[in-house]
2 protein chains.
Amino acid sequence: MSNQPALEKVSSNRVFEGELTKYKFKSAVLGGLDAHFNLFVPLIGNDAKVPVLVYLAGLTCTEDTGAQKGGFFGVAAAQNIAILFPDTSPRGAGVPGEDADWDFGTGAGFYLDATKPEYSKHYNMATHITEELPQVITAAGIPIDFTRQSVFGHSMGGHGALTLYLASKTKQYRSASAFAPISNPTNCPWGEKAFNGYLQGGTTEALEKYDATALISKSSDPIHILIDYGTGDNFYKQGQLLPENFLKAARESGYDEFQVRVRSHDSYDHSYYFISTFASDHVHFHANFLKA
Amino acid sequence: MSNQPALEKVSSNRVFEGELTKYKFKSAVLGGLDAHFNLFVPLIGNDAKVPVLVYLAGLTCTEDTGAQKGGFFGVAAAQNIAILFPDTSPRGAGVPGEDADWDFGTGAGFYLDATKPEYSKHYNMATHITEELPQVITAAGIPIDFTRQSVFGHSMGGHGALTLYLASKTKQYRSASAFAPISNPTNCPWGEKAFNGYLQGGTTEALEKYDATALISKSSDPIHILIDYGTGDNFYKQGQLLPENFLKAARESGYDEFQVRVRSHDSYDHSYYFISTFASDHVHFHANFLKA
């Protein structure tokens, strides 16, 4: 751990019974760029380590979005759970075209490790989140127990949560949940664009690690997944999310509603108003497993 | 009511057990400019009118800030209370210099009616909030009971909440509360700049209607006020807020802690992280009076 980069504290805010701190550090995994993240730690009054929920945000978002708008902290403080908010992509990689579109490149890292040469130096959000952040936070002495982790996210971040959970060979996360996730990205425009842009093998390569529906089709492990989406969500209506595909594959793999629960909510949309409504449900869902 | 301007629906989001709708209309009080506001209405399942809390945001904010970051909707829905979020100033008045500073002009209307000629056509947020918005919303048939109103706000909006409450000759609001309010603006740089800019009589004129500390010094009516601020608030430390002045004047006017409660919170700052922490307290405080 002694070779971990130093964390620099950018800002700090007391919120509910906890402290939200923004850090930055030189990320080796992201090609030496500055990486920012927010970390909420409940004030537990002793040195005991707390379990952690990793929140992955959606397209165009940053490490601030979920912290500012999610409404997670009251229940997280009450449950004595930390929340880690990574960014959604490297920033300033300088790859030609990375800033041209809102749904690819900057702000749209898709929680994968790129294999195309022009992206593979910097666009490695999967390893950044699963390996680098736990290492640098632990090395800094922050009292987080990374043996008790779960993961959740929104939209592209819901895709990230489901795929990092299902693809983990080490069972890194105890549970996963998602708000309006991109659930079958090899079959939707956002996913096709991302995979064909970042991966040498395009959507075919993505089927191995980065498509939640494909992953659950091949899964037989015990799992704990909660998904919420709203019927008023325009991206759902446009076929970007496809939660039905994921649910069908889950049931065909033998998972019942206690292992994979997908809830449809009348009239709710894709916004953080929707997320904040069900924020408490999700934190409590994960608390079942994190506090066990 | 038949002469009220038509409300145009800009957007709508389901949130908790309610609906948040953004409207715009041509505001006569703001000199014919388009005015925007957000209105949260709980889904009560019948046509009964609901009481309403008016939320006034701070410098640089808009009608969206409190809606997106305040964390008010869960408890408001549970308490069956609507929340009205006005903007913080007219937009596009075209007064020379109105966009030069972040703490004066656009985004900084200070919830007063300007008397200087160059501002008096457009900068009339006091009348916009106390008279025009209730009229246009009622005329549109939205089921809000404006005989049951209370008001709260943040920073400049806390100033607005306290002064609109204390200065109302008609007892328009049943209670007022504030997060980190500018409590004695004739004695702080923000207030001096605003009053000398908007009012012909400057801070002297402001003492009559727009300084909460001056107003409570002259008050003997029964009142219900709650104020929260954090000791980690840089604007508090800089002397922009001066809640102690307000508290001292309140006690000298004979108000006890049940009529005027001012709470200091260790380490909390000026951000919406602070506001969201105490959001539930404030909504419940007002519910005592709105549901009576």
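Refer to the preceding data block for the structure.
Criteria and thresholds
- Residues numbered from 1 in each chain as written.
- Chains lettered and ligands numbered in written order.
- Predicted model: local features only at pLDDT ≥ 70, side-chain atom pairs only at ≥ 80, totals over all residues.
- Heavy atoms only, no water.
- Pairing = 2+ DSSP bridges.
- Helix = DSSP H or I, 4+ residues; strand = E, 2+ residues; numbered from the N terminus.
- Axes fitted to C-alpha atoms, helices over the stretch in contact; angles between N-to-C directions.
- Contact = heavy atoms within 4.5 Å.
- Salt bridge = Lys/Arg side-chain N within 4 Å of Asp/Glu carboxyl O.
- Buried < 20%, exposed > 50% of the residue type's maximum accessible area, 1.4 Å probe, protein only.
- Phe/Tyr/Trp six-rings, centres within 6.5 Å; stacked < 30°, edge-to-face > 60°.
- Lys NZ or Arg CZ within 6 Å of the ring centre and 35° of its normal.

**Structural notes on the sheet that holds strand β7 (residues 176–179) of chain A**
Here comes step 1: With mixed pairing, 9 strands are arranged side by side in an open sheet as β1-β2-β3-β5-β4-β6-β7-β8-β9 (chain A). Of all strands in the sheet, those bounded by a partner on one side alone are β1 (8–15) and β9 (260–265) of chain A. Each strand of the sheet is rotated relative to its neighbour by a mean of 20 degrees, with strand direction disregarded.
Here comes step 2: Relative to β7 of chain A, strand β6 (residues 144–154) of chain A runs parallel, the two being bridged by 4 bridges. From the neighbouring strand, Val151 of chain A faces β7 of chain A, where its bridge partner is Ala176 of chain A.
Here comes step 3: Seen against the sheet, helix α5 (residues 156–167) of chain A touches β4 (50–56), β6, β7 and β8 (225–230) of chain A and runs at an angle of roughly 135 degrees to β6 of chain A.
Here comes step 4: The sheet strands contacting helix α11 (residues 272–290) of chain B are β1 and β2 (18–27) of chain A, and the helix crosses β1 of chain A at an angle near 25 degrees.

**Section: the sheet that holds strand β5 (residues 82–86) of chain B**
All names here are of chain B.
Here comes step 1: Spatially, 9 strands are ordered β1-β2-β3-β5-β4-β6-β7-β8-β9 in an open sheet, and the strand pairing comes out mixed. Both outer strands of the open sheet, β1 (8–15) and β9 (260–265), are each paired with one neighbouring strand and no more. With direction set aside, neighbouring strand axes in the sheet form an average angle of 20 degrees.
Here comes step 2: Where β1 and strand β2 (residues 18–27) come together, 7 bridges link them in antiparallel fashion.

**What about the pattern of salt bridges?**
Here comes step 1: Taken as a whole and assessed by the stated rule, the structure comprises 28 salt bridges over all chains.
Here comes step 2: Here Asp34 of chain B makes a salt bridge to Lys26 of chain B, at a shortest N to O gap of 3.1 Å.
Here comes step 3: Residue Arg261 of chain B pairs with Glu257 of chain B through a salt bridge whose shortest N-O separation is 3.6 Å.
Here comes step 4: Note on Arg261 of chain B: relative accessible area 33%, which makes it partly exposed.
Here comes step 5: One salt-bridge network, in which partners are shared between bridges, spans Lys22, Glu63 and Asp64 of chain A.

**What about the packing of aromatic side chains?**
Here comes step 1: Evaluated as defined, the whole model comprises 52 aromatic pairs over all chains.
Here comes step 2: For the ring pair Phe104 of chain B and Tyr119 of chain B, a centre distance of 5.4 Å and an interplane angle of 85 degrees mean the geometry is edge-to-face. Residue Phe104 of chain B is found in the loop between β5 and α3 (117–120), and its partner Tyr119 of chain B is found in helix α3; the two are separated by 15 residues along the sequence.
Here comes step 3: Cluster of aromatic residues (ring-pair linked, three or more members): Phe40, Tyr55, Phe72, Phe73, Phe85, Phe152, Phe179, Tyr268, Phe274 and Phe278 of chain A together with Tyr273 of chain B.
Here comes step 4: The ring of Tyr268 of chain B is capped by Arg14 of chain A, whose NZ or CZ atom sits 5.9 Å from the centre of that ring.

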